[in-house]
Amino acid sequence: MPDLASASADLSLMRNALEKDLKIPGENILVPGEEEGCRVRTEDLALSMASFQKLMQREDLLIFYFSGHGNGKSLFFSDGKVDLQSVIDFIDGMDIKSALVILDCCMAGDFSVPDAHPLDLEEGLSSFAGRGTAVMASSAADQKSRLTKPGGESIFTRALTEAMGERRLVRRGRFSLQDLFDETAFYVSLRNRRHPAKAQHPVFRSAMGGTLFFPVADPPEKKKAAVSFETPSCTVSSIKPMNASDARRLCAFVIPGRRGAGNPSGEEKGSAEGRGFVPETDRALAAMTREVVSCILRMPEERLYPGDRRLKGRETGAVWCYFAADDRDLAESLYFAVCIWAGNPEMRGRYYREDRYSHVTDGILVQRNISYPMLKKMQKREMTRETCISEYGKLLAGIVSMAETFIRGLQEAENGLAALKDLKERFGPWAGKVRTMYIRLSDGGRPPLDLYEWTEGICDLAGWVLDLSIYLERESLQEERDRWLIRNALRHYYESMDVLAALEEQAGIRNTGEA
């Protein structure tokens, strides 16, 4: 085979992108044959792979990049060829967490990936997410891989490295492998429109749980600690700005009683340690609201409105106090009353609306939630921690297993190797199963408070899987808008899985060490 001048140009682009955009240290990058003008023997490949295998640890990621000749079955080196599938299988067999294989050669799409690892509930999502092998190829099994110009770099490597530097993809200081491939394929498609006779279509197959995330920038600063304080009669757990275009407003989330204190008033029905009671009179609620507002108005502006300078110097015009009986109600956003304080006549005219259940008492609008007693009765008996982890864990495993199977099929449709109508027929029953499992989640028992965020995270992930199944039932999936909706749901599914893995460890459900 003739030498490819593009190989050297591709290498330069890839090295620069790995170091500059993916923040990979130069000493972690090994280029066989670099000193010999990119002449790489099969022995060089074998020795380099063996060397890397000794250095890598179980939680590491290996990126394998090849630019050169290919014929669909083999990768061509300077002294012979190597079976393409054997390279993928060898890399997949390494004792590492993740592997990404990138192939830039003709007929590159003729490969398979091994079966994905199932979710092991004992190991948890931290071990599952990103574990396995994914392969990105420059062209379909019957297509040539083209160059940007004679003697220049390849179209695919140029597109891939430009996508690595696309800041638009970065969320929370990182971007995902799925987004990287989608952006690369988009760049290549633009080239295809200009040169339809020389079109190539990148191929992506993954045997990973979820997806990979590449940290490419410093993560955003952690949110400042919630503003919380106590008054003589209640506890404010947090405050949230809800500014309008012309006024500063706040929401305060309040629980009557002070932590560890006795019941402050004889007119309320108390509970242990002064927590978990509902004041019986509107006057008591109005008095608590005034205490909260009095504390808020004395606080510095930067503490209440961090980073918001649109209304700098304006006074707080109104405060909503959402009253919850206890921490459980607060976590579930179940409030027995909402009180509004307005600071001037114009604000009172805007927000004070009296009706059967809303009355102005001592200058405060008090709104009672008449459904609160019924909603409290509807709450199921709390599950034990063990039962909750077991039941929600089984539902999570079922939802993830079905989603990952569907995503593999979706990849083949995107690769042009499966018709969307066949996908709809194949996964039609799957959509019904997803709905059934989602209903089981929503009908489950009441989780313990320390597992509430974890169970909510499972419901959030399941919701995006449900969206995927609903889109599958559309009459047509050919419209670009339909395809965007699927990709968007997929992106949120991956992000929800990542968040849920952190919640798992935070709740002490799994402790898998560093990921």
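Note that the structure is a prediction, hence the values are computed from the model and not measured.

Trainee: Hey, could you run me through the packing of helix α12 (residues 385-414) against helix α14 (residues 452-472) in this one?
Mentor: Think of two packed helices as two axes; the pair is described by the angle between the axes and how far apart they sit. Between α12 and α14, whose axes approach to 10 Å, the crossing angle comes to 30°. Between α12 and α14, the angle falls in the class roughly parallel. You can see that α12 and α14 cross each other, and the crossing is left-handed. Of the residues in α14, those touching α12 at Cys388, Ile389, Tyr392, Gly393, Leu396, Ile399, Val400, Ala403 and Phe406 are Trp454, Thr455, Ile458, Leu461, Ala462, Val465, Leu468 and Leu472. Each residue belonging to the contact of α12 with α14 can be placed in one class, and the counts come to 15 nonpolar, 2 polar and no charged.

Trainee: Hey, could you run me through the pattern of salt bridges in this one?
Mentor: Side chains carrying opposite charge are able to pair once their charged atoms draw close together. Summed over all chains, the structure comprises 24 salt bridges. In this structure, the salt-bridge partner of Asp95 is Arg58, at a minimum N-O distance of 3.4 Å. On the criterion of sequence distance, the pair formed by Asp95 in the loop between α3 (84-92) and β4 (98-104) and Arg58 in the loop between α2 (42-55) and β1 (61-67) is long-range, its members being 37 residues apart. For the salt bridge of Glu404 with Arg408, the shortest nitrogen-to-oxygen distance reads 3.3 Å. Note that Glu404 and Arg408 are positioned in helix α12 at a spacing of 4 residues, about one turn of the helix. Considered together, Glu404 and Arg408 belong to a single accessibility category, that of buried residues.

Trainee: What's the story with unusual backbone geometry in this structure? I'm lost.
Mentor: If a residue is not glycine, its phi is most likely negative; likewise, a peptide bond is most likely trans. The residue Arg172 is not glycine, and still its phi comes out positive at about 55°. Here Arg172 shows up in the loop between α5 (155-164) and β6 (174-176). Its identity as a non-glycine residue notwithstanding, Asp362 has a phi of 50°, on the positive side.

Calculation notes
Every chain begins its residue count from 1, and numbering advances along the sequence as written. Reporting of local features is limited, given that this is a predicted model, to residues whose pLDDT is at least 70; pairs of side-chain atoms are given and counted only at 80 or more, and all residues count toward the totals for whole chains, interfaces and linings. As a rule here, side-chain values cover all heavy atoms of the structure and leave hydrogens and water aside. Here an angle of 0 to 180 degrees is reported between the N-to-C directions of two axes, which are lines fitted to C-alpha atoms, with helices fitted over the stretch in contact. For helices the rule is a DSSP run of H or I covering at least 4 residues; for strands it is a run of E covering at least 2, with both sets numbered from the N terminus onward. The cut-offs work like this: below 35 degrees is roughly parallel, past 145 is roughly antiparallel, 65 to 115 is roughly perpendicular, and the gaps in between are oblique. Crossings are sorted by hand: turned counterclockwise from the far helix by less than a right angle, the near helix makes the crossing left-handed, and turned clockwise it makes it right-handed. Only heavy atoms matter for contacts: two residues are in contact if any of them lie within 4.5 Å across the pair. Throughout, the ten residues Ala, Val, Leu, Ile, Met, Phe, Trp, Tyr, Cys and Pro are labelled nonpolar, Asp, Glu, Lys and Arg are labelled charged, and all others, Gly among them, are labelled polar. Each reported salt bridge corresponds to a side-chain nitrogen of Lys or Arg within 4 Å of a carboxyl oxygen of Asp or Glu. Accessibility here uses a 1.4 Å probe with only protein chains present; expressed as a share of the type maximum, an area under 20% marks a residue as buried, one over 50% as exposed, and anything in between as partly exposed.

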